[in-house]
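If you want the building blocks of each chain, they are given just below.
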Amino acid sequence: MKFFYLILLLTFIPSSYSEILTRNLTVNSNKVTIIKNYSVEEKHGVIQIKICDTCTRYELTLDDNTVFILDSRNQPTENLQRTRLTQPSKAVRIQYNNEDSSVSYIRWNPVAEF
């Protein structure tokens, strides 16, 4: 019976106790600033996102675990800067770790007309 109450108690723990580990941003490509392009040798890069003029800037880190998806295909992360300059997008989705600001993936959906 005690086991039943323990299970019942765990079931009703408020969700506010859970911690959000990742966040998602969906922005226009001109809101993405590449501070330091990803380098294969250093396995490091830095991007900055500013959603609006009065919003805070997000400074996010690219590492060797970052996945860069362009047109539904995986691309080398070092192609991010060239893509930023040549293929504007109205929907760049970035998922990052909330604690260390490392980027999990960037999904870049280019558009024919910007």
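Residues numbered from 1 in each chain as written. Predicted model: local features only at pLDDT ≥ 70, side-chain atom pairs only at ≥ 80, totals over all residues. Heavy atoms only, no water.

**A short note on the nonpolar core**
Line of reasoning, step 1. By size, the foremost hydrophobic cluster in this structure holds 18 residues, and its most contacted members are Ile 47, Ile 49, Leu 60, Leu 80, Ile 94, Val 103 and Ile 106.
Line of reasoning, step 2. Excluding residues within four positions of it along the chain, Ile 47 makes contact with Thr 33, Ile 34, Ile 35, Tyr 58, Glu 59, Leu 60, Leu 62, Leu 80, Ile 94, Val 103 and Ile 106. (Core = buried A, V, L, I, M, F, W, Y, C linked by side-chain atoms within 4.5 Å. Buried < 20%, exposed > 50% of the residue type's maximum accessible area, 1.4 Å probe, protein only. Contact = heavy atoms within 4.5 Å.)

**Structural notes on the pairing of strand S7 (residues 91–97)**
Line of reasoning, step 1. One ladder, built from six bridges, connects strand S1 (residues 22–27) with S7; its direction is antiparallel. Bridge assignment links Leu 25 to a residue of S7, and that residue is Ile 94.
Line of reasoning, step 2. Looking at chain direction, S7 and strand S8 (residues 103–109) are connected through six bridges and run antiparallel. By the bridge assignment for S8, Val 92 is matched with Trp 108.
Line of reasoning, step 3. What sits between the antiparallel neighbours S7 and S8 is a turn of five residues, in which Ser 101 has the positive phi angle 60°. (Pairing = 2+ DSSP bridges. Helix = DSSP H or I, 4+ residues; strand = E, 2+ residues; numbered from the N terminus.)

**What about unusual backbone geometry?**
Line of reasoning, step 1. Unlike most non-glycine residues, Lys 43 shows phi in positive territory, near 55°.
Line of reasoning, step 2. Here Lys 43 lies in the loop between strand S2 (32–39) and strand S3 (44–50).
Line of reasoning, step 3. The exposure class of Lys 43 is partly exposed, given its relative accessible area of 44%.
Line of reasoning, step 4. Here the phi dihedral of Asp 71 falls at roughly 55°; this positive angle occurs in a residue that is not glycine.
Line of reasoning, step 5. Inspection of the secondary structure puts Asp 71 in the loop between strand S5 (67–70) and strand S6 (73–75).
Line of reasoning, step 6. Judged by its relative accessible area of 41%, Asp 71 is partly exposed.

**Structural notes on the sheet that holds S1**
Line of reasoning, step 1. Pairing is mixed in the open sheet, where five strands are placed in the order S1-S7-S8-S5-S6. Across the chains shown, the open sheet's two edge strands, defined by having one partner strand only, are S1 and S6. Looking at each pair of strands side by side, their axes are set apart by 20° on average, direction ignored. (Axes fitted to C-alpha atoms, helices over the stretch in contact; angles between N-to-C directions.)

**Here we look at the packing of aromatic side chains**
Line of reasoning, step 1. Going through the model one piece at a time under the given rule, you end up with one aromatic pair.
Line of reasoning, step 2. Taking the centre distance of 6.0 Å and the plane angle of 55° together, the rings of Tyr 58 and Tyr 96 count as tilted. Placement of Tyr 58 in strand S4 (residues 57–62) and of Tyr 96 in strand S7 is noted, with a sequence separation of 38 residues between them.
Line of reasoning, step 3. By relative accessible area, Tyr 96 is classed as buried at 5%. (Phe/Tyr/Trp six-rings, centres within 6.5 Å; stacked < 30°, edge-to-face > 60°.)

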